[in-house]
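Structure assessment
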Amino acid sequence: MLRVEAETRLGVLALDVALEVSRGECLALAGPSGAGKTSVLRVAAGLLRPERGRVDAGADTWLDTARGIDVPPEQRRCGYVFQEYALFPHLTAWQNVAYPLRGMPRRERRARSLGLLERFGMRELADARPQTLSGGERQRVALARVLARDPGVLLLDEPLSALDPRTRAGAARELAAVLREVEAPALFVTHDFAEAAQLGNRVGVIDAGRVIQEGTPSELAATPQSAFVADFTGAVVLTGMARSGADGLTSVKLDGGGEVTSTDHGEGPVAVSVYPWEIAIEPVTAALAPGSTQNHLSAEVLSVTRVGNRVRLGLAGPQTLAAEITGVAADELGLRAGARVTASWKASATRLVAI
Amino acid sequence: MRAFPALLALALAVALTFLTVPIVAIFVDSSPAELIDSLGEPGALDALWLSLRATAMALALILIVGTPAAYLLATRSFRAKPVVVTLVELPLVLPPAVAGIALLAAVGPSGILGGAVAAAGIELSLQTAGVVVALTFVASPFYVRQAMAAFAAVDRTLLDASRTLGASEARGFVRVMVPAALPGLTAGTALALGRALGEFGATLMFAGSFQGITQTVPLAIYAKLGTDFETALALSAVLVAISAAILLSVKLVHGREALGGAPG
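My aim in this report is to walk through the structure given alongside it, one point at a time. (Residues numbered from 1 in each chain as written. Chains lettered and ligands numbered in written order. Predicted model: local features only at pLDDT ≥ 70, side-chain atom pairs only at ≥ 80, totals over all residues. Heavy atoms only, no water.)

Tallying secondary structure elements over chain A gives nine helices and 21 strands in all. In terms of overall dimensions, chain A has C-alpha extents of about 80 × 50 × 30 Å along its principal axes. Sorting the 355 residues of chain A into buried and exposed places 51% on the buried side. As presented, chain A carries roughly 15800 Å² of accessible surface, and 49% of it is formed by carbon and sulfur atoms. Within chain A, the 41 negative side-chain charges are centred at a point lying 7 Å from the centre of the 39 positive side-chain charges. (Helix = DSSP H or I, 4+ residues; strand = E, 2+ residues; numbered from the N terminus. Buried < 20%, exposed > 50% of the residue type's maximum accessible area, 1.4 Å probe, protein only. Areas by Shrake-Rupley, 256 points an atom, 1.4 Å probe, with all protein chains shown as cover. Lys, Arg positive; Asp, Glu negative; His and termini not counted. Charge placed at Lys NZ, Arg CZ, Asp CG, Glu CD.)

Shown next, in the form of structure tokens:
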């Protein structure tokens, strides 16, 4: 179990977080840059001392400002994977991995390091210098080095951001395997919600120094409690004025024109969020058949981007929005920039958050 | 050829001639055989041996004290730091004669700390130890400045990584920071070495010029100037060779740094 509580001022940022990760669990801390994600890791590792705070790892207390306890970083059994991996440039891959191994003969240090490198398929590159390795290979060396420390806690700072998009998917799979295998609680920091959802059992969304919502990735996506979380999890966010309508539904007059209905309750200024894959697209010429879909906005197609077997449409309606449809549907509709379409979705897929 | 490029080329030709002719002259004024013969003079050999010993001792002191001091200045920030850095760098621009006087006033026989130095059983004036003090005083800023820049250029997360991997800061300093800053530290050592070998004014004023005891190569060159121009030339030739070797090695080290040190 890892528990981190910290309250401190860092320049313009007021960091105030409290989080807990259980054994075998990976908590992803996701938020924009400057939100204080890395500072949380540094507090846990002992590289940053907060004004007030407490860090517990299992039965050990690493920091308790109230009791004057502050265990130095070298005595906290933390496996910290740095953003750019921080491999020692003057040491070879195996010497990097052997760095935390002490109090044993060189031969044994080498044997253990090679064993760890082997596990990451890096045995052949044991004598290579970090500068000659690719980003993915560096990540493996960094993971092997951290495991050599036999960490009680894993801290990972944007471990995938230094990688190019092609190696990122593979590296994420490897990382997920390591996280599953290692029993230690893991705290993982990223600015990418998709990455957080992929690697974290739970996700905490952090903004301006505070964890504003915590839950499983699907909970966050389905019931965002703020416009920020909705936006961050990839939803379309529109703004407008809400008032109670018929049948207990809420009707929202959107800024810039148009009106949508939601099953959520709200009154006054609200953020309306809907996921792109909930939005259906029809040609504007088609008569709107009566159906279960309540919300219709007419919009102009701004962009058509293929993402795998799907197509993401950028739309300009009263406000900009995005829709995601299958490639087949996009082809049938003959969508291209400039086309006029109607975007429709159900009132029950429409989330309202007061702003 | 256009006028301006021709003018540039002419300026370079003049500068190059002016800078190289005197150095070339040292080697052509006498034949190589004569130069080597002149080095056999007892005074010349004494001076070379003394310069070697005194410079080595000064360098050892500079490295042992200067490396941790430079590390501290590069990795910590405190309010008095700009003042401290300026004070450390001051001897760089101090005229050598002033350095000599300053050392006399501080640790000379009647200097403010002279009594304490004598009481500790250390004799500096007119002694080889005095030469070492003068060389250290004049040459150390060259090393400390360069070492500071070298440490400051090392990615601080390397030290953080070392600590989270279980190494104390002292161990991280020895195992990570010094090796990572090594090219810069080497360059600083070479600069300090060059400055110490050529030191003249401070040594002369503080330690005097006694053959075999305080007469380093530059002092011997000056002493031989009137009586034995041949030996003065031979000693100068040796210093030119050493200086060229230092410059070359610094350039090589920096070249390697540029090739191997770039993050990629």
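There's plenty left to go through after this.
So, on to the pattern of salt bridges. Residues and elements named next belong to chain A. Across all of its chains, the model carries 27 salt bridges over all chains by this definition. The closest approach of N and O atoms between Arg67 and Asp64, which form a salt bridge, is 2.9 Å. The exposure class assigned to Arg67 is exposed, which follows from its relative accessible area of 52%. Residue class for Asp64 comes out buried when judged on its relative accessible area of 6%. The salt bridge partner of Arg76 is Asp70, with a shortest N-O separation of 2.9 Å. On the basis of relative accessible area, Arg76 is assigned to the buried category, the value being 1%. Given a relative accessible area of 32%, Asp70 falls into the partly exposed group. (Salt bridge = Lys/Arg side-chain N within 4 Å of Asp/Glu carboxyl O.)

To continue, consider helix α11 (residues 217-224) of chain B. Of all eight residues that make up α11 of chain B, six are buried, and the element is covered over most of its length. Every buried residue of α11 of chain B is accounted for by Val217, Pro218, Leu219, Ala220, Ile221 and Lys224 of chain B.

All names here are of chain A. Note: strand β1 (residues 2-10) against strand β4 (residues 52-57), six bridges, orientation antiparallel. In the sheet register, Ala6 faces β4, and the bridge partner there is Gly53. Two elements, β1 and strand β2 (residues 13-21), share nine bridges in a ladder whose sense is antiparallel. Looking at β2, one finds that Arg9 is bridged to Ala14. (Pairing = 2+ DSSP bridges.)

To continue, consider the environment of Ala343 of chain A. Residue and element names in this part refer to chain A. In this structure, Ala343 sits in strand β20 (residues 340-345). Owing to a relative accessible area of 0%, Ala343 belongs among the buried residues under this scheme. When the C-alpha positions of Ala343 and Gln75 are compared, they lie 57 Å apart, and in sequence the two are 268 residues distant. Setting aside its immediate chain neighbours within four residues, Ala343 contacts Ile279, Ala280, Ile281, Asn295, His296, Leu297, Leu315 and Leu321. (Contact = heavy atoms within 4.5 Å.)

Residues and elements named next belong to chain A. Judged from the seven bridges that link them, strand β12 (residues 236-244) and strand β15 (residues 268-274) form a sheet pairing that is antiparallel. Paired with Ala242 across the strands is Gly268, a residue of β15. Sheet topology note: the β12/strand β13 (residues 250-254) ladder contains five bridges and is antiparallel. Within β13, the residue paired with Ser244 across the bridge is Thr250. What sits between β12 and β13 in their antiparallel hairpin is a turn of five residues, with Asp247 showing a positive phi close to 60°.

Residues and elements named next belong to chain A. Reading across from one edge, β16-β20-β17-β18-β19 is the order of the five strands in this open sheet, with antiparallel pairing throughout. Bordering the open sheet on either side are β16 (280-283) and β19 (320-326), each of which pairs with just one other strand. Across the sheet, the mean angle from the axis of one strand to that of its neighbour is 45°, orientation sign disregarded. Here strand β17 (residues 295-307) pairs with strand β18 (residues 310-316) via seven bridges, running antiparallel. When the sheet's bridge partners are listed, Val301 is paired in β18 with Leu315. (Axes fitted to C-alpha atoms, helices over the stretch in contact; angles between N-to-C directions.)

A word on the packing of aromatic side chains. All told, the structure shown has nine aromatic pairs over all chains when counted by the stated rule. Between Tyr80 of chain A and Phe82 of chain A, the aromatic rings sit 4.1 Å apart at their centres with planes inclined by 10°, giving stacked as the arrangement. Comparing Tyr80 of chain A with Phe82 of chain A, the two get one shared label, buried. Taking the centre distance of 5.5 Å and the plane angle of 75° together, the rings of Phe200 of chain B and Tyr222 of chain B count as edge-to-face. In this pair, Phe200 of chain B is assigned in the loop between α9 (169-198) and α10 (201-207) and Tyr222 of chain B in helix α11, connecting sequence segments 22 residues apart. Over the ring of Phe88 of chain A we find Arg145 of chain A, and its NZ or CZ is 4.7 Å from the ring centre. (Phe/Tyr/Trp six-rings, centres within 6.5 Å; stacked < 30°, edge-to-face > 60°. Lys NZ or Arg CZ within 6 Å of the ring centre and 35° of its normal.)

Glancing now at a nonpolar patch on the surface. Taken together, the side chains of Phe4, Leu7, Leu8, Leu10 and Val14 of chain B present a nonpolar region at the surface, about 540 Å² in accessible area. Given the relative accessible area of 52%, Leu7 of chain B is considered exposed. (Patch = residues over 30% accessible without salt bridge, like charges linked within 9 Å, V, L, I, M, F, W, Y side chains within 5 Å.)

Pairs of packed helices are described in terms of their axes, by the angle between the two and the distance that separates them. Residue and element names in this part refer to chain B. The contact between helix α3 (residues 42-75) and α11 brings their axes to 8 Å, and the two run at 155°. Viewed along their axes, α3 and α11 adopt a mutual orientation that is roughly antiparallel. Two secondary-structure elements touch here, α3 through Gly43, Ala47, Leu48 and Ser51 and α11 through Val217, Pro218, Ala220 and Lys224. Looking at the contact of α3 with α11, its residues break down into five nonpolar, two polar and one charged. (Parallel < 35°, antiparallel > 145°, perpendicular 65-115°, else oblique. Nonpolar A, V, L, I, M, F, W, Y, C, P; charged D, E, K, R; others polar.)

Residues and elements named next belong to chain A. Pairing within the open sheet is mixed, and its six strands lie in the order β7-β8-β9-β3-β10-β11. Looking along the sheet, the strands with just one partner apiece sit at the ends: β7 (78-81) and β11 (210-215). Direction aside, the axes of adjacent strands within the sheet are offset by 20° on average. Two elements, β7 and strand β8 (residues 153-157), share four bridges in a ladder whose sense is parallel. Bridged to Gly79 within β8 is Leu154. Against the sheet, helix α4 (residues 135-148) engages β7 and β8, with an angle of about 170° to β7.

Before going further, it helps to examine the interface of chain B and chain A. Taken residue by residue, the interface counts 20 residues in chain B and 22 residues in chain A. Summed over both sides, the interface of chain B with chain A buries roughly 1900 Å², with 58% coming from carbon and sulfur. Its largest share of buried area at the contact with chain A, chain B owes to Arg163, Thr164 and Leu165 of chain B, together 35% of the area lost on that side. For the interface between chain B and chain A, the tally reads two salt bridges. (Buried area = accessible area lost by both parts, 1.4 Å probe.)

By themselves these figures say nothing about function.
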